[in-house]
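Here is what each chain is made of, one letter per residue.
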Amino acid sequence: MKIVSFSGIDGAGKSTQIGALQAWLGEIGLSVQMLTFWDDVVVLPRFREFMSHAAFKGDQGIGSPERPLQRRDKNVTSWPVSIMRFGLYFLDAINLCRITLKVRKSGSDVVIFDRYIYDELANLPLKGRLTRAFISILLKFVPKPDVAYLIDADPLAALARKPEYPLDFLHKNREAYLALARLTGAISVIEPQAIEGMAAKIRSVFRQKLSGPQPEYAGLPVLP
């Protein structure tokens, strides 16, 4: 079983690209299981959603061009909040290990994670030595995806698709993702381009990462 993860700022187009990859994998005969990090991995999601709304007075739900929101959760970056995140993210990492062991017994060929631990780490102050030490510890025991994608996007375009966070935060968040990709050295950055061009690049990276001795992945076709 192979693990694939998708990360990126809100509005980057992750859902679109996940759907395209899932369809392609199905066409070439592989069984795929989908997991959403927030729904299937994070610890106490309802409590965290309630606290972000009650403490920071942000909107709840998912924003759309017809219904823009002003969320206040991961864009709150005070030190007390960062310290709290260290604890919650550590618990999430432990639960991720448990979930990964469970899905390895599911019989699926590929498990796709919509967001991963990387999306949480991008919310931390990456320049701090304490943060980098914390990230180093987590990455030593958290399962490393066989293929990890970062769907890069222009923040202005992402904001138009999913209006939830201020534009300045999206710029900072994008830079954090790119810095994390450089820090880990294990994340493939898919640069912004047309939807089909990104989908083709994702398929190409998948083939490059998994072509090898495994007979079920060797010689995977590239669909137009």
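Report follows, based on the coordinates. The structure presented is a predicted model; accordingly, all values stated were derived computationally and were not measured.

### Let's talk about the sheet that holds strand E1 (residues 2–7)
Part 1 of the argument: In spatial order, the strands read E2-E3-E1-E4-E5; together these five strands make up an open sheet with parallel pairing. Two strands bound the open sheet, and with one partner strand each, they are strand E2 (32–36) and strand E5 (188–190). Taken pair by pair, the neighbouring strands of this sheet meet at an average axis angle of 20°, ignoring direction.
Part 2 of the argument: Sheet strands touched by helix H8 (residues 167–184): E1, strand E4 (147–151) and E5. Its angle to E4, the strand with the most contacts, is close to 155°.

### Some points on a nonpolar patch on the surface
Part 1 of the argument: On the surface, Phe-90, Leu-91, Ile-94, Ile-137 and Phe-141 cluster together into a nonpolar patch covering about 420 Å² of accessible area.
Part 2 of the argument: When residues of the nonpolar patch are traced back to their parent elements, those giving at least two are helix H4 (79–103) and helix H6 (129–141).
Part 3 of the argument: Here the nonpolar patch takes three residues from H4, the largest share from any one element.
Part 4 of the argument: Considering the arrangement of structural elements, one finds Leu-91 in helix H4.
Part 5 of the argument: By relative accessible area, Leu-91 is classed as partly exposed at 42%.

### Observations regarding the nonpolar core
A general feature of soluble globular proteins is that nonpolar side chains tend to end up buried together.
Part 1 of the argument: Within the largest apolar cluster, 55 residues are counted, with the highest numbers of intra-cluster contacts made by Val-4, Phe-6, Leu-21, Ile-117, Tyr-149 and Phe-206.
Part 2 of the argument: Per-element accounting of this core gives the leading share, seven residues, to H4.

### Topic: the pattern of salt bridges
Part 1 of the argument: Enumeration over the complete set of coordinates arrives at eleven salt bridges.
Part 2 of the argument: With its nearest N and O atoms 2.8 Å apart, the salt bridge here joins Arg-71 to Asp-73.
Part 3 of the argument: On the basis of relative accessibility, which here comes to 11%, the residue Arg-71 falls in the buried class.
Part 4 of the argument: Judged by its relative accessible area of 14%, Asp-73 is buried.
Part 5 of the argument: Among the salt bridges present, the one from Glu-196 reaches Arg-203, with a minimum N-O distance of 3.2 Å.
Part 6 of the argument: Taken together, the shared-partner salt bridges connect Asp-10, Lys-74, Arg-115, Asp-119 and Lys-162 into one network.

### Details of the packing of helix H1 (residues 14–27) against helix H9 (residues 195–210)
Part 1 of the argument: In the contact formed by H1 and H9, the axes pass within 10 Å of each other and the chain directions differ by 55°. Relative to H9, H1 is oriented oblique. Of the two elements, H1 crosses H9, and the hand of that crossing is right-handed. Only Ile-195, Met-198, Ala-199, Ile-202, Arg-203, Phe-206 and Arg-207 of H9 make contact with H1, whose side of the interface consists of Thr-16, Gln-17, Ala-20, Leu-21, Trp-24 and Leu-25.

### Considerations on the side chain of Asp-92
Part 1 of the argument: Turning to its location among the elements, Asp-92 is positioned in helix H4.
Part 2 of the argument: Overall, Asp-92 belongs to the buried group, its relative accessible area being 0%.

### A closer look at unusual backbone geometry
Part 1 of the argument: Of note in this structure, Leu-44 is not a glycine but carries a positive phi near 55°.
Part 2 of the argument: Take Leu-44: its relative accessible area is 48%, and that puts it in the partly exposed class.
Part 3 of the argument: For Arg-115, which is not glycine, the phi torsion reads 75° and is therefore positive.
Part 4 of the argument: Inspection of the secondary structure assignment puts Arg-115 in the loop between strand E3 (110–114) and helix H5 (117–121).

### Brief notes about the environment of Asn-173
Part 1 of the argument: As for its position among the elements, Asn-173 is in helix H8.
Part 2 of the argument: In this structure, the C-alpha to C-alpha distance between Asn-173 and Gln-193, residues 20 residues apart in sequence, is 19 Å.

### Considering the packing of H4 against H6
Part 1 of the argument: Running from amino to carboxyl end, H4 crosses H6 at an angle of 10°, the nearest separation of the two axes being 10 Å. Considered as vectors, H4 and H6 are oriented roughly parallel to each other. Together, Phe-86, Tyr-89, Phe-90, Ala-93, Ile-94 and Cys-97 of H4 and Leu-130, Thr-131, Phe-134, Leu-138 and Phe-141 of H6 make up the contact between the two elements.
Part 2 of the argument: When its residues are assigned to classes, the contact of H4 with H6 shows ten nonpolar, one polar and no charged.

### Quick notes on the packing of aromatic side chains
Part 1 of the argument: Counting across every chain of the model gives eight aromatic pairs.
Part 2 of the argument: Relative to Phe-134, the ring of Phe-86 lies with its centre 4.7 Å away and its plane at 35°, an arrangement referred to as tilted. Highlighted residues: Phe-86 in helix H4 and Phe-134 in helix H6, separated in sequence by 48 residues.
Part 3 of the argument: With a relative accessible area of 12%, Phe-134 lands in the buried category.
Part 4 of the argument: On the basis of an interplanar angle of 70° and a centroid distance of 5.9 Å, the ring pair of Phe-90 and Phe-141 is categorised as edge-to-face.

Parameters and conventions
- The residue numbers shown here count from 1 along each chain, following its written sequence.
- The predicted nature of this model means local features are confined to residues of pLDDT at least 70 and side-chain atom pairs, given and counted, to a pLDDT of 80 or more, with totals for whole chains, interfaces and linings taken over all residues.
- Each side-chain value is worked out from all heavy atoms of the structure, with water and hydrogens disregarded.
- Strands were regarded as paired on the criterion that DSSP finds at least two bridges between them.
- By definition, any uninterrupted DSSP run of H or I lasting at least four residues is a helix, any uninterrupted run of E lasting at least two residues is a strand, and each is numbered from the N terminus.
- Angular values range over 0 to 180 degrees, each being the angle between N-to-C directions of two axes fitted as lines to C-alpha atoms, with helices fitted over their stretch in contact.
- In what follows, residue pairs with any heavy atoms lying within 4.5 Å of each other are defined as contacts.
- Like charges are joined within 9 Å and nonpolar side chains (Val, Leu, Ile, Met, Phe, Trp, Tyr) within 5 Å, but only among residues with over 30% relative accessible area and no salt bridge; these make up the patches.
- Residue burial considers only the protein chains on display, and all accessible areas are found by Shrake-Rupley using a 1.4 Å probe.
- Here, a salt bridge means any Lys or Arg side-chain nitrogen found within 4 Å of an Asp or Glu carboxyl oxygen.
- Each residue's exposure class comes from its accessible area (1.4 Å probe, protein chains only) as a fraction of the maximum for that residue type: buried when under 20%, exposed when over 50%, partly exposed otherwise.
- Buried Ala, Val, Leu, Ile, Met, Phe, Trp, Tyr and Cys residues that are joined via side-chain atoms within 4.5 Å together make up what is termed a nonpolar core.
- We call two directions roughly parallel when the angle between them is under 35 degrees, roughly antiparallel when it is over 145, roughly perpendicular when it lies between 65 and 115, and oblique otherwise.
- Should the near helix be turned anticlockwise from the far one by less than a right angle, the crossing is termed left-handed; should it be turned clockwise, right-handed.
- Each residue gets one label: Ala, Val, Leu, Ile, Met, Phe, Trp, Tyr, Cys and Pro are nonpolar, Asp, Glu, Lys and Arg are charged, and the others, such as Gly, are polar.
- The criterion for an aromatic pair is that two Phe, Tyr or Trp rings (for Trp, the six-membered ring) have centres within 6.5 Å, with stacked assigned to planes under 30 degrees apart, edge-to-face to planes over 60 apart and tilted to the rest.

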